[in-house]
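# Fold and geometry: a report
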Amino acid sequence: MAPLKTSKVSSMSPAKRFVVEVTDSPTTGPVYRSAIATEGPLVQGGDTCWDNFRMSVDKYPNNSMLGQREILNGKAGKYVWLTYKEVYDTVMKLGNSIRSCGVEDGGRCGIYGANCSEWVISMQACNAHRLTCVPLYDTLGANAVEYIINHAEVTIAFAHEKKVPELLKTFPNTTKYLKTIVSFGDVTPEQREEVKKFGLALYTWHEFLVLGENKQYDLPAKKKSDICTIMYTSGTTGDPKGVMITNNSIINVVVGMNRVLQENVNEPFNEKDVYFSYLPLAHIFDRVIEEILIRHGGSIGFWRGDVKLLTEDLGALKPSIFCAVPRVLDMIYTGLKNKISSGSLVKRSLFDIAYRSKLDRMKKGMKHTEAAPNFDKIVFSKVKQALGGNVRLIICGAAPLARHVETFFRVTSCAYVIQGYGLTETCAGSFLATPDVMNMTGTVGSPVPNVEVRLESVFEMGYDALASTPRGEICMKGETVFSGYYKREDLTKEVLVDGWFHTGDVGEWQPDGSMKIIDRKKNIFKLAQGEYVAVEKLESVYGGVPGIDSIWVYGNSFESFLIAVLNPNKAALERWAEENGIPTRDFNSLCENPRAKAYVLGELAKVAREKKLKGFEFIKAVHLDPVPFNMDRDLLTPTFKKKRPQLLKYYQNTINNMYESTGTNLQSMRQPRCQRFFMSSKP
């Protein structure tokens, strides 16, 4: 790779602390790369995910690789581990069994269920035999599993025992392609009979492993350009989109993220590291992190798949690496703050003094390990215990982390805290913040070495990539960008233009070269827990509720639930009020009536259940506006389309009040459980 040449810095360019300018464009804005990109190949010693695993088997055969808690007499005990060599041996058996079922090179294998050892072993068997791994993830919608099996033409599916009934519900619509189901656990006689009716085969995990015992299949040659996995993600039309990801993309992002962390974290990953796997492997974030751990010979311990038991598993595992979505850190933060505020005056005062002192020193440039070592031992060790006691690296992704929460954990966790940014289409980690640089708090950091980034103006939203403060749609190009949407060339062409992937997210370059996410170009966004919401689809569903003239659904990446502003039908709401003995002379007052709001929420929930919406798609609070959305208030276009930025500006105070009051009520209902989850310092 030729040396990067930095063009002359214009007044519109960020300072070159973390990025270098590759090219300058008078129309689209400069293109930037990471300042730590160096000469020479980024990837060395293996082009595929199979190489990533196989080389670690050779190097760390006796290291613990995959661990799960043993269950004795219904109670969870210690973590029991499989070594890299033991996992490899099982992968080879499983691969032979898969091939014995007639699944050939290039076939597609579905995996359905919570993270576990069998999930990873199934994935590695796909890698070994050049099969495409297709995660089946049901939160994409009620019919998503059926759609994905048919769209990807999945012929064999591995599933958690609890998910086998869900697969059977897709019959007969999926039996054109699906021929074999393997349960990670037991199967019932009734399930065997049901599968037999449709000519399919159903096995337990151990039964299936026996199939290939006396058979041997050569491993096909694998290339970095092979499609390693097809991950389905939300679409505005309702049907998930199959994101095709190559071996090359995954390996490049693994090495790129590692390069960044090596520059900023003392020994970021090593063979002694333990990672807590609870974020879905069906998402690219967790998949990439686990590939990094495998590359370094680290250990991956799985939760039991039950959120109520999450922190018990966390305490038993005591991981050194912890990844989270903002919602998880928000819950821990809230629990810790409540525990602090309920302590004695002396304890509260000591915590405040320690917090302010350490934060002040970190703002002056001191590393978190040097800013207040005594306070770390005396005061902040309890925060560390909430994460198991050994965590030294926290990575947060999937949605923006609130600045005050990020600051809190940078100060109190006694760990490196890093916020990142990426999409399934960019194979997760495209940006990573720099720990111990407090000015970078609230941003997603700078690009990793294997991508180029530019902003593209969005003039209709008032964003100019060539302004003194550059703002625009984030566009990325590089080895980690996906190959396209499976069987959807039309959608691929919409987002991939001349090799540049258009993310739909609006960013703002910061003076030091870090990126801040400030808006969303398209009407699809993530909630704080990382779930995508296609807002226009929901407005179409909720707009069908009798008695609603118009509805605007709102959410953002800092909140975990949706709210709505709607125009109720005057006659319908007054009729309901009369039937329920509520005065109807003043329609404005009726719209403010708590019983009226509760009634409308109930009607919205009813249609949400009828349409089988997911829990995060339910509306949790409403504001009833007696005045219809109109052009006079600049809330609609001349063609009666909603002007979302103007709606947000107009109802900002209302939105703030709804989130504050509803969030407080929801938190008060959850708080005892949150405290049980995160407050115990005991394993």
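Residues numbered from 1 in each chain as written. Predicted model: local features only at pLDDT ≥ 70, side-chain atom pairs only at ≥ 80, totals over all residues. Heavy atoms only, no water.

### A few points about the packing of aromatic side chains
Put simply, the rule reads: When the centres of two rings from Phe, Tyr and Trp lie within 6.5 Å, Trp using its six-membered ring, the rings pair. Their planes under 30 degrees apart give stacked, over 60 give edge-to-face, and anything left gives tilted. By the criteria applied, helices consist of DSSP H or I runs no shorter than four residues and strands consist of E runs no shorter than two, each listed in order from the N terminus. When a residue's accessible area, from a 1.4 Å probe over protein chains only, is under 20% of the maximum for its type it is buried; when over 50% it is exposed; and in between it is partly exposed. By the criterion adopted, a ring carries a charge over it if an Arg CZ or a Lys NZ lies within 6 Å of its centre and within 35 degrees of its normal.
Within this structure, the stated rule accounts for 29 aromatic pairs. Taken together, a centroid distance of 5.5 Å and an interplanar angle of 75 degrees make the contact between Phe482 and Phe501 edge-to-face. With a gap of 19 residues between them, Phe482 in the loop between strand 20 (471–478) and strand 21 (484–485) and Phe501 in strand 23 (residues 500–509) connect regions that are remote in the sequence. Phe501 gets classed as buried once you look at its relative accessible area, which sits at 2%. A network of ring pairs unites the aromatic residues Trp552, Tyr554, Phe561, Phe629, Tyr650, Tyr651 and Tyr659 as a single cluster. For the cation-ring pair, Arg454 lies above Trp500, with the distance from its terminal atom to the ring centre recorded as 4.7 Å.

### Thoughts on unusual backbone geometry
With an omega of 0 degrees, the peptide bond between Phe171 and Pro172 qualifies as cis. Here Pro172 lies in the loop between helix 5 (164–168) and strand 8 (180–183). With a phi angle near 60 degrees, Cys414 is a residue other than glycine that sits in the positive phi range. Within the secondary structure, Cys414 sits in the loop between helix 16 (403–412) and strand 16 (416–421). A relative accessible area of 15% places Cys414 in the buried class. A positive phi is found at Lys487, a non-glycine position, where the angle reads about 60 degrees.

### Some words on helix 21 (residues 594–610)
Think of an α-helix as 3.6 residues a turn; residues three or four steps apart then line up on the same face. The condition is simple: Expected helix span is computed as 1.5 Å times (number of residues minus one). Counted as a polar contact is a pair of N or O atoms within 3.5 Å, where, for protein atoms, one must be capable of donating a hydrogen and the other of accepting one, and residues adjacent in sequence contribute only when both atoms are in side chains.
End to end, helix 21 covers 24 Å across 17 residues, agreeing with the expected 24 Å (1.5 Å per residue, within 8%). When we look at burial in helix 21, the residues that qualify are Ala596, Val600, Leu604, Ala605, Val607 and Ala608. Where helix 21 begins, the capping side chain belongs to Asn593, and its oxygen is found 2.7 Å from the backbone nitrogen of Arg595.

### Focus on the pairing of strand 8
The test is simple: We treat two strands as partners when DSSP finds at least two bridges between them. The handedness rule is simple: strands pointing away from the viewer, and a clockwise path from the first strand over the helix to the second, make the crossover right-handed.
Taking every second residue as pointing to the same face, both faces of strand 8 are buried, with Thr180 and Val182 on one and Ile181 and Ser183 on the other. Note that strand 8 and strand 9 (residues 201–204) share four bridges and pair parallel. Within strand 9, the residue paired with Val182 across the bridge is Tyr203. Read from strand 8 through helix 6 (residues 189–197) to strand 9, the crossover connection turns out right-handed.

### Side note on the sheet that holds strand 28 (residues 562–568)
Applicable threshold: Orientation is described by axes fitted as lines to C-alpha atoms, over the contacting stretch for helices, and by angles from 0 to 180 degrees between their N-to-C directions. By definition in these notes, contact holds between two residues if any of their heavy atoms fall within 4.5 Å.
Pairing in this open sheet of three strands is mixed, and the strands run 27-28-29 from one edge to the other. Since the sheet does not close on itself, it has two edges, and those belong to strand 27 (548–554) and strand 29 (619–624), each with one partner. The mean inter-strand angle of the sheet, taken between neighbouring strand axes irrespective of direction, is 25 degrees. Relative to strand 28, strand 27 runs antiparallel, the two being bridged by six bridges. In the sheet register, Trp552 faces strand 28, and the bridge partner there is Val565. This element, helix 21, spans strand 27, strand 28 and strand 29 of the sheet and lies at about 130 degrees to strand 29.

### A short note on the layout of surface pockets
Going by this rule: Using protein atoms alone on a 1 Å grid, points that fit a 1.4 Å probe yet trap it form a cavity, whereas open point sets bounded by protein on both sides within 12 Å along at least five of seven lines form a pocket; residues with an atom within 4 Å of a point count as lining. Grid points are joined across faces, edges and corners, and a volume is the space filled by probe spheres set on the points. Note on residue classes: Ala, Val, Leu, Ile, Met, Phe, Trp, Tyr, Cys and Pro are nonpolar, Asp, Glu, Lys and Arg are charged, and everything else, Gly too, is polar.
Approximately 1400 Å³ is the volume attributed to the second largest pocket. Residue lining of the second largest pocket: 47 residues in total, with Ile518, Asp519, Arg520, Lys521 and Phe525 positioned closest to the centre. Elements supplying a minimum of two residues to the lining of the second largest pocket: strand 16, strand 24 (515–520), strand 25 (524–526), helix 18 (535–542), strand 27 and helix 22 (644–650). It is strand 24 that provides the largest number of residues to the lining of the second largest pocket, a total of five residues. For the lining of the second largest pocket, the per-class residue count stands at 21 nonpolar, eleven polar and 15 charged.

### Re the side chain of Ser117
Among the structural elements, Ser117 can be located in helix 3 (residues 117–128). Its relative accessible area of 7% is what places Ser117 among the buried residues.

### Section: the packing of helix 2 (residues 84–100) against helix 3
The condition is simple: By definition, any crossing whose near helix is turned counterclockwise from its far helix by less than a right angle is left-handed, and any crossing with a clockwise turn is right-handed.
Interaxial distance between helix 2 and helix 3 falls to 8 Å at its minimum, and their mutual angle equals 65 degrees. Crossing of helix 2 over helix 3 shows right-handed handedness. In this structure, helix 2 contributes Val87, Thr90, Val91, Leu94, Gly95 and Ile98 to the contact, and helix 3 contributes Ile121, Ser122, Gln124 and Ala125. Residues of the contact of helix 2 with helix 3, tallied by class, amount to six nonpolar, four polar and no charged.

### Comments concerning the nonpolar core
Note the threshold: Take the buried Ala, Val, Leu, Ile, Met, Phe, Trp, Tyr and Cys residues and link them wherever side-chain atoms come within 4.5 Å; each set so joined is a nonpolar core.
Phe158, Phe322 and Leu329 are the most contacted members of the largest nonpolar core, which has 129 residues in total. Not counting residues up to four positions away in its chain, the partners in contact with Phe158 are Leu94, Ile98, Cys109, Gly110, Ile111, Tyr112, Ser122, Val182, Phe184, Trp205 and Phe208.

### Points about helix 1 (residues 49–59)
Along helix 1, the positions that sit buried rather than exposed are Cys49, Trp50, Asp51, Asn52, Phe53, Ser56 and Val57. Tucked into the core, helix 1 has its buried residues touching strand 3 (64–72), helix 2, helix 3, strand 10 (227–233), helix 8 (247–264) and helix 9 (284–295).

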